[in-house]
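Breakdown of the fold
Chain by chain, the residues:
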Amino acid sequence: MNVLVNAYNPTIYELSLRPWLYELTNKYGKKISKLNDIPMEEFQNLKNIGVDYVWLMGIWQLGKHGLDFDKAHANDYKSNLPDFTMDDVIGSPYAITEFVCNSELGTDQDIVNLRKKLNDMGLKLMLDFVPNHSAIDSPYRTSNIDYYIRAPPNTPKPYDSEYYLPDGVSYGGDQWDGFWKDTAQWNYWNNDTRNYLKSVVKKIASMSDGMRCDMAMVILNDLFYNKWKPQLDAWGYKRPSTEFWSEAIKETKQQYPNVIFLAEVYWSKEQDLINLGFDYVYEKWLLDQQATLDVGKVRPILSNLNLNYASHSNHFVENHDEPRAIIKFSGKDYISCVAALMSYSIPGARFVNHGQLEGLSNRLDVHLRRSYKENGSAYVKSFYGKVMAILKREVFKSGNWTQLTVTGDQSWKFFAFRWTNASDKIIVVINFSEGSGYGLVKLSDASSGQQTITEMISGQTYVRSGDDMRNNGLGVIVDGWNAQIFKYF
């Protein structure tokens, strides 16, 4: 039996900042383009549904080069936004010139002031750290060119524009995705670069309660050398004795002990980053198996759940890089909902993307200020309206978690998870398959005698014998691709 005691399981809500301000401008019928313009009731609404961290994605300064680059690739956006106009292009938030507040949004002091307001209402602020690369027009390319990966000194000029800028600085890239030609690649084997970027991490920590670190695995020494070996060797750079992350996180937490680090990570490097100090890491494997709609692919992940790994995982069904959840789950909104509840019912951070709770299907491209207009899914809105109110209870944030066994001929359909603390005993029962099913779940901690139990999604109550629930099990009938949440005593 897997049991986890007293881990913290926050809810993190991603807002694509500039598109959100555009949305608010239309909602309120007045221009909302600055951090100081945001009505605080918008944040209060997030607090009310149980959000702990608000990630304002895309707050840092961008350059003209990135915007011009994106406008030159405008035809790429029409598949996501059929009524696209050039005004919709706002530039990639991942081509950052400097880690100062985007002047379109305000100042660094405005970020600090907003964080104070959020903290006062019980919310925390998360910001981006993009470690791998800068924008091409970062001032550091002029002032500190050796901060960057550069063509080997004997490379004939002009440099090959597939890989290099005219001054020999390499485009940003990683070993699988090629090159991002709106970015310039930092050199993590140059100690001066590392020290500069560690200072950036500390600056972000001084202004926020957490940071989401973009593609965090690509700067691990092994992967970095795999990608940049010819350039590093030619310039005589030696492998650092430590990983950047272990230094940056340790030093930052000495100054800012409460700041959390969230890694975007793939390629089976999740545990490595947990070991280096990350509080939470993206956990995409579960999502990808859920999306097969095959309970047999999901079962081994949850049956063999490593609790240390799970409690450091960031569970999601969508984010700005992924398709919308409904699309990921073959257009079936109800399956996207039960998959989300499953992910949110195990230990770890619960990640919510803006638009997910409204059941949007159209993706918001990070280069654009809006997605294609739609009404969303009434089923999804209703589902999350009920479920988020349940998940905000303290028992789901910091209670004790146990995975329970469902018995019976149809037990293969089911997963069951128990959350308990001093005031609540709750079980989540999920049928992740077609067709309704019946099973029994033994509740070893049920109190003796008759008691009224509540199914929290529907509000229905049932009278059951605590002794029977303890000895034989609570009988549950759950529709296909659905769930029930029971509160008992």
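Up top is the structure these notes are about.
Residues numbered from 1 in each chain as written. Predicted model: local features only at pLDDT ≥ 70, side-chain atom pairs only at ≥ 80, totals over all residues. Heavy atoms only, no water.

1. Notes on the packing of helix α1 (residues 17-28) against helix α2 (residues 40-48)
If you want to describe how two helices pack, look at the angle between their axes and the distance between the axes. Orientation of α1 relative to α2, taken along the N-to-C sense of each, is 110°, at an axis distance of 12 Å. Classified by the angle their axes make, α1 and α2 are roughly perpendicular. In this structure, α1 contributes W20, L24, K27 and Y28 to the contact, and α2 contributes E41, E42 and F43. Residue classes in the contact of α1 with α2 are distributed as 4 nonpolar, no polar and 3 charged. (Axes fitted to C-alpha atoms, helices over the stretch in contact; angles between N-to-C directions. Helix = DSSP H or I, 4+ residues; strand = E, 2+ residues; numbered from the N terminus. Parallel < 35°, antiparallel > 145°, perpendicular 65-115°, else oblique. Contact = heavy atoms within 4.5 Å. Nonpolar A, V, L, I, M, F, W, Y, C, P; charged D, E, K, R; others polar.)

2. A closer look at the pairing of strand β6 (residues 124-129)
Where a strand is regular, its side chains alternate between the two sheet faces. Of all 6 residues in β6, 5 are buried, a share of seventy percent or more. Pairing of strand β3 (residues 53-57) with β6 involves 3 bridges; the strand directions are parallel. From the neighbouring strand, V54 faces β6, where its bridge partner is L125. Here 4 bridges tie β6 to strand β10 (residues 210-213), and the two strands are oriented parallel to one another. Residue pairing for β10: D128 is matched across the bridge by R212. (Buried < 20%, exposed > 50% of the residue type's maximum accessible area, 1.4 Å probe, protein only. Pairing = 2+ DSSP bridges.)

3. Side note on the pattern of salt bridges
Counted under the stated rule, the structure contains 32 salt bridges. For E247, the salt bridge goes to K198, with nearest N and O atoms at 2.7 Å. Taken as a pair, E247 in helix α8 (residues 244-255) and K198 in helix α6 (residues 191-207) lie far apart in primary sequence, 49 residues in all. Comparing E247 with K198, the two get one shared label, buried. (Salt bridge = Lys/Arg side-chain N within 4 Å of Asp/Glu carboxyl O.)

4. With respect to the sheet that holds strand β7 (residues 133-135)
Judged by pairing direction, the sheet is antiparallel, and its 3 strands sit side by side in the order β7-β9-β8 without closing on themselves. The strands lining the two open edges of the sheet, one partner per strand, are β7 and β8 (171-174). The sheet shows a mean angle of 55° between the axes of neighbouring strands, direction not considered. Pairing analysis gives 4 bridges linking β8 to strand β9 (residues 178-185), with the strands arranged antiparallel. Looking at β9, one finds that G172 is bridged to W180. Docked against the sheet, helix α7 (residues 221-234) engages β8 and β9, running at close to 90° with respect to β9.

5. Details of the packing of aromatic side chains
Tallied over the full model, the rule gives 35 aromatic pairs. Relative to Y147, the ring of Y140 has its centre 6.0 Å away and its plane inclined at 15°; by these criteria the two rings are stacked. One exposure class covers both Y140 and Y147, and it is buried. Centroid distance Y188 to F244: 5.0 Å. Interplanar angle 80°. Geometry classified as edge-to-face. (Phe/Tyr/Trp six-rings, centres within 6.5 Å; stacked < 30°, edge-to-face > 60°.)

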